[in-house]
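What the coordinates show
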Amino acid sequence: MRDIKILHTTFGILGDVFGLLLFMAPLITFKRIIRKKSTEQFSCMPYLISLLQCLLAAWYSLPFVSPNNLLVTVISAIGIGLEATYVLIFLIFSPKKGKAKICGYLFVVLSIFSSLALVSMLAFHGNRRKLFCGFAFAAACIMMYGSPLSVMRLVIKSKSVEYMPFFLSLSVFINSTSWSIFSLLGKDPFIFVPNAAGTILGAVQLILYVVYRDKKGVKKDEINESVDQMRTGKLQDGKLVDIQNENANP
C-alpha cells in the first residue's frame, strides 16, 4: 500500500513537471507577439479552451469534489495563471474587432465554468458531485488533447514535421502517460480516460515524426497556403482550434 502511494505521488509530480512544460511551450510565440505588437494570424481559441480545461480540472481536484488530487490542483492553478496571461496578451495586441471577439469567447468560457461549478455545489453532493464534475473535466480535457488531429493530418499531407515540434510531441506523450498511471494508481477514471487518449495521440505524433523527419515535404509556401485555407473557413470552426499547435509552437 505504501509503495502504491509513493508511485502515485511520483507519477503525479512527473505529470506536474511535463504539464508545466506544455503550458510554457507557447512562450516563444508570445515573445514574438509582444515584439511585433501584433497577434498576426494566431488564434486565441486554443488558449481559451485550455483555460476552461484548467478551471474545470482545478475545480474537480478540490477536496470537497475529489479528494487526494492535490498535485492536479497545483498544475491546474499554474495552468490557469499562464493561460489567463496568454489570453490577456491577445487582448492587448489584437485589433479592436479581435478584442471584442476574444472578450465574447472569454465570457462564454467563464460562464460555462461558473454555471458548472454552481450547479455542482447546489444540485449534487458526495459521489454525485464528483461524477458531474468529472464528466465535465474529462470532456474539456479530451477537447484539448484532440486539438493536434488537424496538425497530424497536415504532417501526412505535407510530408513535413515543421509544424509539429518533436519535444512538444514528446512532452504530450510523457505528460499524458504520467497522468494515466497516476490515475490508475489512484483509481480515478475521469483523469485516466482523457489522458489515455492523450497518450495514444502523443504516440501517434512521435511515430509520424519518425516517419517524416527526413522527408523534404512540400514547399513551405504550400504548407502555409493549406493552413490559410483551414483558417478561412473551408474546414469546420472546430478545426481552427487544431491549427494552434502549428502556430503556437513554430
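None of the values given here were measured: they were computed from a predicted structure. (Residues numbered from 1 in each chain as written. Predicted model: local features only at pLDDT ≥ 70, side-chain atom pairs only at ≥ 80, totals over all residues. Heavy atoms only, no water.)

1. Description of the overall build of the protein chain
Scanning the protein chain from N- to C-terminus turns up 12 helices and zero strands. N-terminal to C-terminal, the α/β element order of the protein chain is α-α-α-α-α-α-α-α-α-α-α-α. By residue count, 46% of the 250 residues in the protein chain fall in the buried class. For the protein chain, the share of sequence-separated contacts (at least 6 apart) that also reach a separation of at least 24 residues comes to 79%. Put simply, the protein chain shows about 13300 Å² of open surface, and 69% of that area lies on carbon and sulfur atoms. (Helix = DSSP H or I, 4+ residues; strand = E, 2+ residues; numbered from the N terminus. Buried < 20%, exposed > 50% of the residue type's maximum accessible area, 1.4 Å probe, protein only. Contact = heavy atoms within 4.5 Å. Areas by Shrake-Rupley, 256 points an atom, 1.4 Å probe, with all protein chains shown as cover.)

2. Regarding the environment of proline 189
The topology assignment puts proline 189 in helix α9 (residues 189-212). Taking relative accessible area as the criterion, proline 189 reaches 47% and is therefore assigned partly exposed.

3. Let's talk about the confidence of the model for the protein chain
Summary statistics for the protein chain give a mean pLDDT of 81 and a share of 83% for residues scoring 70 or more. Per-element mean pLDDT across the protein chain ranges from 39 in helix α10 (residues 220-234) up to 93 in helix α4 (residues 70-93). Here residues 217-250 is modelled with pLDDT under 50, and outside its nearest four sequence neighbours on either side it reaches 64 contacts, counting other chains as well. (pLDDT = per-residue confidence, 0-100.)

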